[in-house]
Amino acid sequence: MAGRVEGKVAFITGAARGQGRAHAVRLAQEGADIIAVDICEQVDTVQIPMSTPEDLDETVAQVKALGRRIIASKADVRDLDALKAAVDEGVTQLGRLDIAIANAGLAAPGAQIERMNPKLWKDSIDVNLTGVYHTAQASIPHIVEGGRGGSIVITSSVGGLKAHPHVGNYVSAKHGVVGLMRTLAVELAQHSIRVNSLHPTQVNTPMLINDMTFRMFRPDLENPTAEDMAPVSQMMNALPVPWVEAEDIANAALFLVSDEARYITGVTLPVDAGAMLK
């Protein structure tokens, strides 16, 4: 079933790599043009390498190779003015906006709440929660103005539906976006704009496959690897896999923004290999 979002325009945050790039490419395969943003620089509380301008260039190249248009720019989701400028410019060039995927997020170290660095807490909330609010504010006026309805998808996590110790900064933000999603679903229903959230388990992207995460899963080892982490990661899922692929999340996002999901709104959709069963 090709062309499931033919002629539509999607705004995607965190699009330089990982899940964001997968969303951009998957929607482009199905006929959408893309407005893409990413911070493309390091946040000082994040211990893993973050996206680069070259990563965003690669997303642009992959979308263009599919024959679709893409307007890409460097923008921090913590900066509402920068997001609005990116969306405004994209709509000016592409003519409309139908879809927003609030995907940008931080993978940051954690600690017990009483010991957590306040800067670490603030960065996690500012990007993972307030960044979604900013994405909505920048996108909604354009989708409403189009008068055709639309869809907003928010990337949460299984950590947005249940607790994990020592990452209260991440869990709190990812729970918070569920409340934001449900509020938006109610507020925007009159405009036929649907709002849903995705809740992945571990995903095979640079946010997972890095030394910080290896040590988080295997603190018993001095220099753990992905192979060392995999058995522990698999224990968190019901299905016999340690993680899923970014394309698995992109396929779920495509479904939610397509007409196949035209009456689905306010839903928390796990793509979790059964993690929520455990």
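Residues numbered from 1 in each chain as written. Predicted model: local features only at pLDDT ≥ 70, side-chain atom pairs only at ≥ 80, totals over all residues. Heavy atoms only, no water.

Before going further, it helps to spend a moment on the pattern of salt bridges. Tallying each qualifying case throughout the model produces 15 salt bridges. One salt bridge in this structure joins R69 and D33, with 2.8 Å as the shortest N-O distance. Within this pair, whereas R69 is found in the loop between α2 (53-65) and β3 (70-74), its partner D33 is found in strand β2 (residues 33-38), the two being separated by 36 residues in sequence. Each of D44, D76, R78, K119 and D123 takes part in salt bridges that share partners, so that together they form one network. (Salt bridge = Lys/Arg side-chain N within 4 Å of Asp/Glu carboxyl O. Helix = DSSP H or I, 4+ residues; strand = E, 2+ residues; numbered from the N terminus.)

A few words on the packing of helix α3 (residues 80-94) against helix α4 (residues 118-146). One can describe the packing of α3 onto α4 by two numbers: an axis separation of 9 Å at closest approach and a directional angle of 35 degrees. Two packed elements cross with a definite hand, and for α3 against α4 that hand is right-handed. Contact residues: α3 offers L80, L83, K84, V87, D88 and V91, while α4 offers G131, H134, T135, Q137, A138 and H142. Considering only residue class, the contact of α3 with α4 consists of five nonpolar, five polar and two charged. (Axes fitted to C-alpha atoms, helices over the stretch in contact; angles between N-to-C directions. Left-handed = near helix turned anticlockwise from the far one by under 90°. Contact = heavy atoms within 4.5 Å. Nonpolar A, V, L, I, M, F, W, Y, C, P; charged D, E, K, R; others polar.)

What follows is about unusual backbone geometry. Even without being glycine, C40 reaches a positive phi, approximately 55 degrees. In this fold, C40 is placed in the loop between β2 and α2. Owing to a relative accessible area of 8%, C40 belongs among the buried residues under this scheme. Even without being glycine, H166 reaches a positive phi, approximately 70 degrees. Inspection of the secondary structure puts H166 in the loop between β5 (150-155) and α5 (168-188). (Buried < 20%, exposed > 50% of the residue type's maximum accessible area, 1.4 Å probe, protein only.)

In spatial order, the strands read β3-β2-β1-β4-β5-β6-β7; together these seven strands make up an open sheet with parallel pairing. Of all strands in the sheet, those bounded by a partner on one side alone are β3 and β7 (268-271). On average, adjacent strands in this sheet sit at an angle of 15 degrees to one another, irrespective of strand direction. When strand β1 (residues 9-13) meets β2, the two strands line up parallel, connected through five bridges. Paired with I12 across the bridge in β2 is A36. Strands β2 and β3 of the sheet are contacted by α2, whose axis makes an angle of about 175 degrees with β3. Most of the contacts of α4 go to strand β4 (residues 99-102), to which it runs at about 180 degrees, and overall it touches β1, β4, β5 and β6 (193-200). (Pairing = 2+ DSSP bridges.)

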